[in-house]
Amino acid sequence: MRCAAAARSLLPLPLPPAGAAPIHTSGPPLAAELDAGDALHALLSTLPPSLPALLPSLSLLSRCLTPHSVADALLCAALPPASRLRLFLFSALSPRLRSPLLHSRAVVPILLATDADAAMYDAVADAQAAGLRPPAAAFEALVFAHASAGRHHEAVEAFSRMEGEFGCRPTAFVYNAVLRVLVDSGVVPVALALYNRMVTTGCPPNRATYNVLMDGLCKRGTAADALKLFDEMLERGIAPDVKTHTVLLSSMCNAGQLKAAENLLQSMKDQGCPPDEVAYNAFLSGLCKAGRVDEAIQQLEVLRGTGDFVLGLKVYSCLIDGLFHAGRYDEGFQRYREMLEQTEVSPDVVLYTVMIRGCAEAGRIEDAFVFLDEMKEKGFTPDTFCFNTLLKALCDVGDLDGARSLMSEMAQNNVVLDTATHTIMICGLCKKRLVDEALQVFDEMGKVGCPPTVMTYNALINGLYRARRLEEARMLFYKMEMGNNPSLFLRLTLGANQVRNSESLQKLVDSMCQSGQVLKAYKLLRGIIDSGVVPDVVTYNTLINGLCKVRNLDGALKLFKDLQLKGFTPDEITYGTLIDRLLRTRRENDAMMLFQDMLQSGGTPSLSIYNSMMRSLCRKNKLSQAINLWFDHLLKKYNLSAEDEVIASARKKFDDGSLDEAVRELIKIDQEHGSVNSSPYTIWLIGLCQARRIDDALKIFRILEEFGIDVTPACCSHLTKYLCWERNLNAAVDVMLYTLSKRFIMSQPVGNRLLRSLCICHRRKDAQALAWRMHLVGYDMDAYLRESTKGLLYSQ
């Protein structure tokens, strides 16, 4: 018991050499450990909280200590916190006394109960003064303490000071801790940059590193980047665990890559890493969200048959939610009743919210409120999300009085009115053109500390444009773009190191982290996030559409260029809106330039954009260009090469002047891929009529009829009119009979022209028979026939 006696007497002992590690033994017997524990408590409560004062006795006493006796002292609230922190630093330098228990259960609570920064940094400085190197565990504790208290900025600062100020090299555990903080803070680019620094400085990442980063990337919606990290993890020889697979599985499901997710599930089983309930739930949820509810049910039955899975609350919630998303409300309600009647599973807040949303979407608003009342009766407290679900339902059906009343109820019951609550109300008000009231709600958001989102701004900007309040909409857009920190915005977009897009921003962040400026990179990203709401493509589309509607196409084109300069990629709605408006105003050259810009930027024009372009080219008698445009579309649509046998055959027939045979080949290509669309052929048919190539137009009509492809009423009208001009009345009658079989109503000028042409050509009986058939399918011939036509038909 010599160690305990020496500690109780508190006799000064010689200081060990600077940097020397404490002497360790294999561990004391239980009696010695108990005596050493008593001595440790006496030591910490008596000597001043200074490592130079504590170190001599601690060094000698360490021979009789264990991780448990140290943890007991660290957890003792009666001892001074500063002394306990110094004991922690001392024990962290001893492999025998170091234990995760000291960190998780003892140190973090000490830091949370005191001034975390000052207390720990003083202790680290004290350790340096005593000739000890600062242990990485001190900074691990600081990062965890700050993170658990939600002080992300301070956690990142602790990491930055660790190496920069105290010269302590981070371990993988420290890196992982701060990576989690960065991911939770929403600054994934900084987390990725820090990961690159971790690798380049020779600190090998482990499974936890990849789990944290992949989780952050999945939540950010960048599944491709998560998959790259997964591949890198395998290349490093790190075996993924169930959590890794589940994170990746959720990412694949959210990205709609369900086949890959199914393969991953099977791979987990093959590798001896069987999926758990969370993994199965993620997969089933992915199927349901993709609208493949029947497959989810089949998979569920297979799982239940193998005994690998028990149908519980989460799965019922997932299936019911999936059925509601698919519009199969009756089946969703039936599943709910099945759960109540056949199992012991009871609904929770999540399932009640799903049921409320299902009722609301099915138009059963009263039933939704019944579920709300039942939820309260069972002791559940509806959260903000639940109330927001009801609020949206009321706004969607235009019941704004009910929505206002519900918001009042939320406030009275101390339910938080969050950003989503206000945004839902703003959207509902804007739909009813109550823009002034929507602006009042917007102002109220700022007063109660609810930051508006992109959706909030988009709804207001769209509402102002619909109300023709264009200047207010523009001012709101500028306010949105500049945010609360215009100086930051200007600093990033001006000067030599411009940050115009996410790629250049990532490069800047990487550079900062590689040079050790992790805190500076964190502040930059958080500054951008906190400075305001960044407009998205939807915002620009709203503005562009509003300018197009008021025929300010030059303003819309300028905004389009601004969108590209800010690093955004225009989507098909952006291009489609502008191209359509430009073509309507006969600005074909500008429309073609935009179309080419879309192709060069890697965009895929939608069918409607191709149709608009082909109509324009046909109007300008450029039918060949229109058809070649469609060939290019098919190559992209079906991922074919120009040398593909079928495509090459169709193009050759077109080049040789056999348009009808080329059309026949193109329809076969569509049929092989199960995607026959009549729009290109009907557009060409009208173009041929306008070019007075009536025979070719009639050939295409016959081919479409042969393949059972509907010819539009507009095509039939054009073809009939031009056939009458060409005096090809038999073909014109055939086209008219086709419209009668389809129960199309031909426009009055065309129908009267055909009947008059028959009469003039001494075919009055044929005209009368045709008029009678028109009457049988629903034509009001008294109103439809003009007086001149009646005279020719029925005069004696």
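Criteria and cut-off values
- Residues numbered from 1 in each chain as written.
- Predicted model: local features only at pLDDT ≥ 70, side-chain atom pairs only at ≥ 80, totals over all residues.
- Heavy atoms only, no water.
- UniProt positions renumbered as here; feature names shortened; annotations may be inferred.
- Helix = DSSP H or I, 4+ residues; strand = E, 2+ residues; numbered from the N terminus.
- Buried < 20%, exposed > 50% of the residue type's maximum accessible area, 1.4 Å probe, protein only.
- Contact = heavy atoms within 4.5 Å.
- Areas by Shrake-Rupley, 256 points an atom, 1.4 Å probe, with all protein chains shown as cover.
- Expected span 1.5 Å × (residues − 1).
- Patch = residues over 30% accessible without salt bridge, like charges linked within 9 Å, V, L, I, M, F, W, Y side chains within 5 Å.
- Salt bridge = Lys/Arg side-chain N within 4 Å of Asp/Glu carboxyl O.
- Lys, Arg positive; Asp, Glu negative; His and termini not counted.
- Charge placed at Lys NZ, Arg CZ, Asp CG, Glu CD.
- Axes fitted to C-alpha atoms, helices over the stretch in contact; angles between N-to-C directions.
- Parallel < 35°, antiparallel > 145°, perpendicular 65-115°, else oblique.
- Left-handed = near helix turned anticlockwise from the far one by under 90°.
- Nonpolar A, V, L, I, M, F, W, Y, C, P; charged D, E, K, R; others polar.
- Phe/Tyr/Trp six-rings, centres within 6.5 Å; stacked < 30°, edge-to-face > 60°.
- Lys NZ or Arg CZ within 6 Å of the ring centre and 35° of its normal.
- Core = buried A, V, L, I, M, F, W, Y, C linked by side-chain atoms within 4.5 Å.
- Polar contact = N/O pair within 3.5 Å; in protein donor to acceptor, adjacent residues only side chain to side chain.

- The name an unreviewed UniProt entry assigns to the protein is Pentatricopeptide repeat-containing protein, from the organism Urochloa decumbens.
- Taken from UniProt, the Sequence similarities (unreviewed entry) comment for the protein reads in full: "Belongs to the PPR family. P subfamily."

Regarding the overall build of the protein
Line of reasoning, step 1. Helix and strand counts for the protein come out as 46 helices and zero strands.
Line of reasoning, step 2. Counting over 796 residues, the protein shows a buried share of 48%.
Line of reasoning, step 3. Expressed as a percentage of contacts within the protein between residues at least 6 apart in sequence, the contacts between residues at least 24 apart total 63%.
Line of reasoning, step 4. Counting only carbon and sulfur atoms, one obtains 52% of the accessible surface of the protein, whose full area is about 37200 Å².

Overview of helix H10 (residues 172-184)
Line of reasoning, step 1. The end-to-end C-alpha separation of H10 is 18 Å, in line with the 18 Å expected for 13 residues at 1.5 Å each.
Line of reasoning, step 2. Buried residues of H10: Ala172, Val174, Tyr175, Asn176, Ala177, Val178, Leu179, Val181, Leu182 and Val183, and no others.
Line of reasoning, step 3. Following H10 by one or two positions, Gly186 adopts a phi angle in the positive range, close to 85°.

Description of a positive patch on the surface
Line of reasoning, step 1. A grouping of Arg433, Arg466, Arg468 and Lys549 is seen on the molecular surface, where their side chains present a positively charged patch.
Line of reasoning, step 2. Mapped onto the elements, Arg433 comes out in the loop between helix H24 (419-431) and helix H25 (435-447).
Line of reasoning, step 3. The exposed category is assigned to Arg433, whose relative accessible area is 52%.

Topic: the side chain of Arg357
Line of reasoning, step 1. Topologically, Arg357 is positioned in helix H20 (residues 349-361).
Line of reasoning, step 2. When sequence neighbours within four positions are dropped, the list of residues in contact with Arg357 reads Asp321, Phe324, His325 and Thr389.

Concerning the packing of helix H33 (residues 572-584) against helix H34 (residues 588-600)
Line of reasoning, step 1. Contact pair H33 / H34: the axes reach a minimum separation of 8 Å and the direction vectors enclose 160°. Compared by their axis directions, H33 and H34 come out roughly antiparallel. For the crossing formed where H33 meets H34, the hand is left-handed. Residue-level inspection shows Glu572, Tyr575, Leu578, Ile579, Leu582 and Leu583 of H33 in contact with H34, the latter providing Glu588, Asp590, Ala591, Leu594, Phe595, Asp597 and Met598.
Line of reasoning, step 2. Looking at the contact of H33 with H34 residue by residue, the class counts come to nine nonpolar, no polar and four charged.

Let's talk about the packing of aromatic side chains
Line of reasoning, step 1. By the definition in use, this model includes 18 aromatic pairs.
Line of reasoning, step 2. If you follow Arg161 out to its NZ or CZ, it ends over the ring of Tyr121, 3.8 Å from the centre.
Line of reasoning, step 3. Taking the ring centre of Phe631 as reference, the NZ or CZ of Arg651 above it sits at 4.5 Å.

Observations concerning the pattern of salt bridges
Line of reasoning, step 1. One pass over the full model with this rule turns up 33 salt bridges.
Line of reasoning, step 2. Arg404 is the partner of Glu437 in a salt bridge, and the nearest nitrogen-oxygen pair spans 2.8 Å. Pair noted here: Glu437 is in helix H25 and Arg404 is in helix H23 (residues 400-412), with a separation of 33 residues, a long-range link.
Line of reasoning, step 3. The partly exposed category is assigned to Glu437, whose relative accessible area is 25%.

What about the nonpolar core?
Line of reasoning, step 1. Ranked by internal contacts, the top residues of the largest apolar core, which has 147 residues, are Trp684 and Leu719.
Line of reasoning, step 2. If sequence neighbours within four positions are ignored, Leu719 has contacts with Leu685, Cys689, Ile694, Ala697, Leu698, Phe701 and Val735.

Here's the deal with the environment of Ser741
Line of reasoning, step 1. Among the secondary structure elements, Ser741 is positioned in helix H42 (residues 729-741).
Line of reasoning, step 2. Along the chain, Ser741 and Val777 lie 36 residues apart, while their C-alpha atoms are 8.5 Å from each other.
Line of reasoning, step 3. Among the polar contacts listed, one links the side chain of Ser741 to the backbone oxygen of Tyr738, at a separation of 2.5 Å.

Points about the packing of helix H22 (residues 384-396) against H24
Two numbers describe a pair of packed helices, the interaxial angle and the distance between the axes.
Line of reasoning, step 1. Across the interface, H22 lies against H24 with an axial gap of 9 Å and an inter-helix angle of 0°. Viewed along their axes, H22 and H24 adopt a mutual orientation that is roughly parallel. Judged by residue contacts, Thr384, Asn388, Leu391, Lys392, Cys395 and Asp396 of H22 engage Ala420, Thr421, Ile424, Met425, Gly428 and Lys431 from H24.
Line of reasoning, step 2. Looking at side-chain class alone, the contact of H22 with H24 contains five nonpolar, four polar and three charged residues.

Regarding the environment of Glu338
Line of reasoning, step 1. Secondary-structure assignment places Glu338 in helix H19 (residues 329-342).
Line of reasoning, step 2. Along the primary structure Glu338 and Tyr316 are separated by 22 residues, whereas in three dimensions their C-alpha atoms are 9.7 Å apart.
Line of reasoning, step 3. The contact partners of Glu338, leaving out residues within four places of it in the chain, are Tyr316 and Thr343.

A short note on the environment of Asp562
Line of reasoning, step 1. For Asp562, the position within the fold is in helix H32 (residues 553-565).
Line of reasoning, step 2. Overall, the relative accessible area of 23% leaves Asp562 in the partly exposed class.
Line of reasoning, step 3. Between the C-alpha atom of Asp562 and that of Tyr540, which follows or precedes it by 22 residues, the distance is 9.2 Å.

Thoughts on helix H8 (residues 136-148)
Line of reasoning, step 1. Over its 13 residues, H8 runs 18 Å from end to end, which matches the ideal 18 Å to within 8%, given 1.5 Å per residue.
Line of reasoning, step 2. For H8, the tally of buried residues reaches ten of 13 residues, placing the bulk of the element in the interior.
Line of reasoning, step 3. Among the residues of H8, those classed as buried are Ala136, Ala137, Ala138, Phe139, Glu140, Ala141, Leu142, Val143, Ala145 and His146.
Line of reasoning, step 4. Where H8 terminates, the next one or two residues include Gly150, which has phi positive at roughly 80°.

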